[in-house]
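Remarks on the overall topology
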Amino acid sequence: MDAVSIVALVVILIILLVVAYFVKAKFLSSVKRDTVLLAGLSGAGKTHLFSQLCHDHVPVDTVPSLKHNSGFASALGDKADEFTIVDTPGADRLRTTYLAQYGLRTKALVFMIDSKEFGDQLKDVAEYLFNLLSSPLLAGVPILVLCNKQDYKFRAKKMGAIQFQLEKEVNLTRKTRAARLASISDKDGGEVFIGKQGEDFKFEHLDNKVEWLEFTAKPPSGKAEFGALEAWLSTATK
Ligand SMILES: Nc1nc2c(ncn2[C@@H]2O[C@H](COP(=O)(O)OP(=O)(O)O)[C@@H](O)[C@H]2O)c(=O)[nH]1
Ligand SMILES: [Mg+2]
């Protein structure tokens, strides 16, 4: 191959790369944020809530799902404001998959916690939440931390205590991650620093607006109280 052909080939290759870059950028910026993502450890009550929001019926006891469920729901019975809601499986190994699939589409995140088991699950809950908060795909997305299973009157942790403990634990996770990244001297581009540098972690330091709600997806009376949750969904999906 002569020099002219090689130069021509290189030029064509560069043009193709530039075109591919712009097409991808255009595609990414045109993805619409129209989805409410339901996340949290297995057993938190996500599928139970999902079925009620989507199908307006109380489901029979569910088994931990390996696949995500997706459906349409509307807040405050307003059909005009329907949004897609995705119930994600809690298993660790699937979390990156659905985050990659739905992250850019996420308009609002509902992070569900089993308030009764929270004491035992603190580390896992904090790590999962940390991963979501530090994902660039969810930058600025409003978050509702839904402290479920409040029907366990004496055993369920209240949202103030949950927030307090999570802030301490996320702070620790942030330190551990920072130390690990420094030790391998290879910044992982998939994570952004969360909170304020030099200060202990607080949810109020985030770009994401974080709100808290005590909730019971499966009350003894059968039908959950959706008022406060629907009001949040309605604002967050506007
Ligand atoms: N007591 C009580 N049980 C609940 C509540 N919400 C969900 N559950 C139960 O918790 C278990 C796990 O719920 P599920 O929706 O499958 O959790 P998921 O793994 O997050 O999808 C099921 O047996 C539900 O019936 C609640 O508010 N109170
Ligand atoms: Mg489930």
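A brief structural summary. (Residues numbered from 1 in each chain as written. Chains lettered and ligands numbered in written order. Predicted model: local features only at pLDDT ≥ 70, side-chain atom pairs only at ≥ 80, totals over all residues.)

1. A look at the overall build of the chain
Counting its regular elements, the chain contains 6 helices and 6 strands. Listing each helix as α and each strand as β along the chain from the N terminus yields α-β-α-β-β-α-β-α-β-α-β-α. The burial tally for the chain puts 28% of its 238 residues in the buried class. Sequence separation of 24 or more characterises 75% of the internal contacts of the chain that already satisfy a separation of 6 or more. (Helix = DSSP H or I, 4+ residues; strand = E, 2+ residues; numbered from the N terminus. Buried ≥ 20, exposed ≤ 12 C-beta atoms within 10 Å, placed from the backbone. Contact = placed C-beta atoms within 7 Å.)

2. Brief notes about unusual backbone geometry
For lysine 149, which is not glycine, the phi dihedral falls at a positive 65°. A residue is classified by how many C-beta atoms lie within 10 Å of it, and lysine 149, with 24 of them, is buried.

3. Re the site of ligand 1
With respect to spatial proximity, 18 residues lie near ligand 1, and among them Gly45, Lys46, Thr47, His48 and Lys218 are the closest. Class assignment of the residues belonging to the shell around ligand 1 gives a composition of 3 nonpolar, 10 polar and 5 charged. (Near = placed C-beta within 6 Å. Nonpolar A, V, L, I, M, F, W, Y, C, P; charged D, E, K, R; others polar.)

4. Topic: the nonpolar core
Looking at soluble globular proteins, one finds that nonpolar side chains tend to be buried together. The biggest cluster of nonpolar side chains holds 45 residues, and the ones touching the most others in it are Leu38, Leu109, Val110, Phe111, Ile113, Leu129 and Leu146. For this core, the leading source of residues is helix 4 (residues 118-133), giving 7 residues. For phenylalanine 111, the residues in contact, after removing those within four places along its chain, are Ala39, Gly40, Leu129, Leu132, Ile143, Val145 and Leu146. (Core = buried A, V, L, I, M, F, W, Y, C linked by C-beta atoms within 7 Å.)

5. Structural notes on the sheet that holds strand 3 (residues 82-87)
Sheet architecture is open: 6 strands sit in the order 2-3-1-4-5-6, paired in mixed fashion. Among the strands making up the open sheet, the edge pair consists of strand 2 (69-74) and strand 6 (210-214). Each strand of the sheet is rotated relative to its neighbour by a mean of 25°, with strand direction disregarded. Judged from the 6 bridges that link them, strand 2 and strand 3 form a sheet pairing that is antiparallel. Bridge assignment links serine 70 to a residue of strand 3, and that residue is valine 86. (Pairing = 2+ DSSP bridges. Axes fitted to C-alpha atoms, helices over the stretch in contact; angles between N-to-C directions.)

6. Details of the environment of aspartate 200
With respect to the helices and strands, aspartate 200 occurs in the loop between helix 5 (159-183) and strand 6. The sequence separation of aspartate 200 and arginine 174 amounts to 26 residues, and the corresponding C-alpha distance is 9.6 Å.

7. A few points about the environment of glycine 103
In this structure, glycine 103 sits in the loop between helix 3 (92-102) and strand 4 (106-114). When the C-alpha atoms of glycine 103 and leucine 137 are compared, they prove to be 5.0 Å apart, with 34 residues separating the residues in sequence. Not counting residues within four places of it along the chain, the set of residues in contact with glycine 103 comprises Ser135, Leu137 and Leu138.

8. Examining the pairing of strand 3
Looking at chain direction, strand 1 (residues 35-39) and strand 3 are connected through 4 bridges and run parallel. Paired with threonine 35 across the bridge in strand 3 is threonine 84.

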